[in-house]
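Descriptive structure summary
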There are 2 protein chains.
Amino acid sequence: MNILNTTISNIQAPDLNFYRAARERLRNQARPSGSLGMLEDIAARMAGIFGTLDVRLNNKAIVTCAGDHGVCAEGVSLFSSEVTYQMVHNFVNGGASINVLGRHAGARVYVADFGVNRDFEPDLPIFHKKVNKGTKNFAKGPAMTRNEAIQSIESGIEVFRELQIQKAVDILGTGDMGIGNTTPSTAIIAVYSKMKVAELAGRGTGIDDEGLEKKIRVIETGLELNRPDPDDPIDILSKVGGFEIGGLCGLVLGAAASGIPVVCDGLISTAGALLACEIAPPAVKYLFASHNSYEIGHRFMLKHLGLEPLLDMKLRLGEGTGSALAMEIIDAATRALCEIKTFDEVAIKDEQ
Amino acid sequence: MNILNTTISNIQAPDLNFYRAARERLRNQARPSGSLGMLEDIAARMAGIFGTLDVRLNNKAIVTCAGDHGVCAEGVSLFSSEVTYQMVHNFVNGGASINVLGRHAGARVYVADFGVNRDFEPDLPIFHKKVNKGTKNFAKGPAMTRNEAIQSIESGIEVFRELQIQKAVDILGTGDMGIGNTTPSTAIIAVYSKMKVAELAGRGTGIDDEGLEKKIRVIETGLELNRPDPDDPIDILSKVGGFEIGGLCGLVLGAAASGIPVVCDGLISTAGALLACEIAPPAVKYLFASHNSYEIGHRFMLKHLGLEPLLDMKLRLGEGTGSALAMEIIDAATRALCEIKTFDEVAIKDEQ
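In short, a report on the structure. Quantities reported herein were computed from a predicted structural model and do not represent experimental measurements.

This part is about the packing of helix α14 (residues 321-339) of chain A against helix α5 (residues 97-105) of chain B. At a minimum axis distance of 9 Å, the contact between α14(A) and α5(B) shows a crossing angle of 145 degrees. Handedness of the crossing formed by α14(A) with α5(B): right-handed. Between α14(A) and α5(B), the contacting residues are A:E328, A:D331, A:A332, A:R335, A:A336 and A:E339 on the first element and B:V100, B:L101, B:R103 and B:H104 on the second. Of the residues belonging to the contact of α14(A) with α5(B), the class tally is 4 nonpolar, 1 polar and 5 charged.

For the rest of this paragraph, the subject is the pairing of strand β1 (residues 60-67) of chain B. Residues and elements named next belong to chain B. Burial analysis of β1 places 8 of its 8 residues in the buried class, the great majority of the element. Taking every second residue as pointing to the same face, both faces of β1 are buried, with K60, I62, T64 and A66 on one and A61, V63, C65 and G67 on the other. Where β1 meets strand β2 (residues 107-115), 8 bridges bridge the pair, whose relative direction is parallel. Looking across to β2, one finds that V63 is bridged to Y110. Both β1 and strand β4 (residues 171-177) contribute to a ladder of 7 bridges, which runs parallel. Pairing of T64 across the sheet is with G175, part of β4.

Residue and element names in this part refer to chain A. Pairing within the open sheet is parallel, and its 6 strands lie in the order β3-β2-β1-β4-β5-β6. Pairing within the sheet leaves two strands with one partner each, and these edge strands are β3 (127-128) and β6 (287-289). Of the strands in this sheet, β1 (60-67), β2 (107-115), β3 and β4 (171-177) touch helix α6 (residues 146-166), which is tilted by about 150 degrees from β2.

What follows concerns the environment of A:L317. When you line up the elements, A:L317 lands in the loop between α13 (296-305) and α14. Measuring from C-alpha to C-alpha, the distance between A:L317 and A:G204 comes to 8.7 Å, with 113 residues separating the pair along the chain. When neighbours within four sequence positions are excluded, A:L317 is seen to be in contact with A:S97, B:R31, B:P32, B:S35 and B:L36.

What counts and what doesn't
- Residues numbered from 1 in each chain as written.
- Chains lettered and ligands numbered in written order.
- Predicted model: local features only at pLDDT ≥ 70, side-chain atom pairs only at ≥ 80, totals over all residues.
- Heavy atoms only, no water.
- Axes fitted to C-alpha atoms, helices over the stretch in contact; angles between N-to-C directions.
- Helix = DSSP H or I, 4+ residues; strand = E, 2+ residues; numbered from the N terminus.
- Left-handed = near helix turned anticlockwise from the far one by under 90°.
- Contact = heavy atoms within 4.5 Å.
- Nonpolar A, V, L, I, M, F, W, Y, C, P; charged D, E, K, R; others polar.
- Buried < 20%, exposed > 50% of the residue type's maximum accessible area, 1.4 Å probe, protein only.
- Pairing = 2+ DSSP bridges.

So this is what it looks like as structure tokens:
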């Protein structure tokens, strides 16, 4: 708990003075006031986070967090758990979706294993943070122990620290890979939203009506059996969560403690971020929601966190693909704040 | 009419075989089918347009089209027409919003004068295509003659041709600068939508309730007085349009005739694109809508054209700023199609 507690206590709210100075500059730029819409909100938040109007995102990093899920034994996914292991190799080889979109965004893409159910070669260039080989089936008991839940979060914090040691990180994108992981994510959302599982559950990788019914029953069973405490994020993570969800939570905490913004991807990354913000509420000030996932439960989380998604392109892939796309928009917003001249600077009289 | 007619006859539908091959590859990529949402639609359309699955957007160009509007005499804008002239210099000097966002997107930004009401120095590095020094006030009579309307469209076609002579263009973004130009754009939309002007008109650069009332009355007056023929796009342009709107129309026609995709910006650019697609319906196959403008009439046009906007970020600036942001997404989509490996390529068994 030492790493976790220290990290939580290091998370401080961004600088309101720079936020306000950014708003002032945006208002004075030679264009109609407010005309850059959400770009202005992003730019002002980034100025507050970095304490400057000239934010430079030279070092973008995306961490794709992998883990397996015992609940897959219930048949909640179209794909077998084996695919998680295979996809980790695909990430390392650079041929997966996140590699392509990460490259396009100028971001380095890293992979972290928090709980894939097969061993990796120790020299595979990933963050080796395996807590256990897959969670237990939460339809039969808790997904993991409380200690494992804490370990997964602290491992996420460590990944962020190790990233920073390797090279500066100016913005972090989070992403996930874990066959079956919309099921634990939806369970977490159900705890917080108090909505019916049937109103929250989506089709994940593309299950049919029958599969969806099964998924809903499995989540309901898991919640009834394990009774996660809505006031204890770590209890929720341990009862119905996942190792990579703990890792995603830790990454948000680690970045926020270092004053670095985090762009979270879709359902699973946002579930990790939600836990982080329940553990340490000021962390939300460092958080950007990359997109509006096609998954239903995602909307509840964004509303709960008070975040407006940057994109709405019917993405439902994960891996950090939404984060990669959104990073380009955030980068553009910082340039807009810094480089668009004011009416005074270009000597145009503002008639307003 | 010679340039216009030749251009129209050169516009051909993109290659359906490459569109289908792209869909096939996207389906086989190592990720859940359909999980990249709108990126997949974009990528497949681009493959059809270019006749290859490996589309490279090395040469991005944005043309910001400037013109002035006699209808400003009615007080429909917060800014004076003088600002159009000043902003053209701001564009040339690189300090305006479109310069910043264009740079970020890796696009060259050009400015074309189709009808600013002051003369520019002949050596100013812009496209000098002035049809006339501002349109006439359409609340008192037609905005321009029919010949001027045709000239403005043909000038837009010429700008695209001259761009291509200077350097290859792989994708064109359109943008506008013209104080008061949401008023003619809304008039054009009113003709096509047959909706009430009061249901279409927006606040442009930010006019108040009284200003909005005035704008609605002015457009209603212009439509009653000039009676543009809904079946004749050139008549509409001449009666209630603008020179830069004609130029924007011509740019779309010129690009489509060369098989080059066009990303259009918000209300004004889309009004120009709408006229282009009314003149030559296959042009729509080359068109991408960058964003959902805050302006109400914009939604009608996108629906009418059958285009889904890529972004929805409450932008209402113009200049091509939405086009610049959307180009980065389109570029990412083309990389996704080409570079994300298939299940076969990475030897992962697709369980679907």
